[in-house]
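Chain by chain, the residues:
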Amino acid sequence: MSSLIALGTGGAATVTTMYLYVGVRGKGKITVEPDHVPYWAFGVGLLAANAGTAFQQLSGIGQQLSDGFQGNAAIGEWQTGATAAVLTLAVFGLKPRAWKDALCGAVAPSLYAAAGGFWAIPASVLGGLIHSFVS
C-alpha cells in the first residue's frame, strides 16, 4: 500500500466531486452545508491539479479568468494575485451559493499557485498533505 487510503489523485478527485454533488443536493444521508461548499471544492481543485486530463481543465479556467483581466487596458496593470483576491472575496463576501462557491473553490488552488507568494501557501501545504494521503 503506497498511501493511507490508496485512491489515487484521479479517484480521490472523482470521489470528492461526487460527495460534493450528492451533499449539496441534500436529499439523502449526505449533506454539505452551503458554508462548507468552498472548502470541499478547494479539495477537489487540489486533487485535480495532480489528476488526469479529465480534471486538467479546472486549472485553465483560473488562468483564463486572470488573463482576461490582465489583457484589459481599461483596468490597467493587473496581476494574478488580484484575481485570487477577487475570487476569495466572491466566495467569502457574497451570500453562499453552491454553484458559485463550487466553481470558485475548485479553481482557487491553481490560481493561488499561479499567483505565488502568500497565495501559494494554502495550495502547496494542503496539496502536499492531501496528495500524501491519497496516492
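Check the entry above for the structure.
For the structure given in this document, a descriptive report is provided here. Starting afresh in each chain, residues are numbered from 1 along the sequence in its written order. Given that the model is predicted, a residue must reach a pLDDT of at least 70 before its local features are reported, and side-chain atom pairs must reach 80 or more before they are shown or counted; all residues, however, enter totals for whole chains, interfaces and linings. Note that the side-chain values use all heavy atoms of the structure and ignore hydrogens as well as water.

**Observations regarding the nonpolar core**
Leu-20, Phe-55 and Leu-58 are the most contacted members of the largest nonpolar core, which totals 13 residues. Each helix is a run of DSSP H or I of at least 4 residues and each strand a run of E of at least 2, with the numbering of both proceeding from the N terminus. For this core, the secondary structure elements donating two or more residues are α1 (8–25) and α2 (37–48). The leading source of residues in this core is α2, at five residues. The contact partners of Leu-58, leaving out residues within four places of it in the chain, are Val-44, Ala-48, Ala-106, Val-107 and Ser-110. In this description, a nonpolar core means a group of buried Ala, Val, Leu, Ile, Met, Phe, Trp, Tyr and Cys residues linked to one another through side-chain atoms lying within 4.5 Å. The cut-offs for exposure are 20% and 50% of the maximum accessible area for each residue type, with area from a 1.4 Å probe on protein chains only; residues under the lower value are buried, those over the upper are exposed, and the others partly exposed. In this structure, Phe-42, Leu-46, Leu-111 and Ala-123 belong to the second largest nonpolar core, which totals 10 residues. In this description, contact between two residues means that some pair of their heavy atoms is separated by no more than 4.5 Å.

**Digging into the environment of Pro-122**
Along the chain, Pro-122 turns up in helix α6 (residues 120–134). Here the alpha-carbon distance between Pro-122 and Phe-42, two residues 80 residues apart in the chain, equals 9.9 Å.

**A few points about the packing of aromatic side chains**
Any two of the Phe, Tyr and Trp rings considered here, Trp counted by its six-membered ring, make a pair once their centres fall within 6.5 Å; the pair's planes then place it as stacked at under 30 degrees, edge-to-face at over 60, or tilted in between. Evaluation of the coordinates by the stated rule reveals six aromatic pairs. Judged by centre distance (4.5 Å) and plane angle (25 degrees), the ring pair of Phe-69 and Trp-78 falls under stacked. Accessibility expressed as a relative area gives 18% for Trp-78, which makes it buried. Three or more aromatic residues joined by ring pairs make a cluster, and in this case those are Phe-42, Tyr-112, Phe-118 and Trp-119.

**Some details on the packing of α1 against α2**
Between N-to-C directions, angles span 0 to 180 degrees; the directions come from axes that are lines fitted to C-alpha atoms, helices contributing only their stretch in contact. Relative orientation of the contacting elements α1 and α2 amounts to 160 degrees, with a least axis distance of 8 Å. Taken together, the axis directions place α1 and α2 in an arrangement best described as roughly antiparallel. The two elements α1 and α2 cross, and the hand of that crossing is left-handed. Residues Thr-9, Ala-12, Ala-13, Thr-16, Thr-17, Tyr-19, Leu-20 and Val-24 of α1 form the contact with α2, whose participating residues are Val-37, Trp-40, Ala-41, Val-44, Leu-47 and Ala-48. Gly is put with the polar residues, along with every residue not named as nonpolar or charged; the nonpolar set is Ala, Val, Leu, Ile, Met, Phe, Trp, Tyr, Cys and Pro, and the charged set is Asp, Glu, Lys and Arg. For the contact of α1 with α2, the residue count by class is 11 nonpolar, three polar and no charged. Angle categories: roughly parallel below 35 degrees, roughly antiparallel above 145, roughly perpendicular from 65 to 115, and oblique for all the rest. By definition, turning the near helix anticlockwise from the far helix through less than a right angle yields a left-handed crossing, and turning it clockwise yields a right-handed one.

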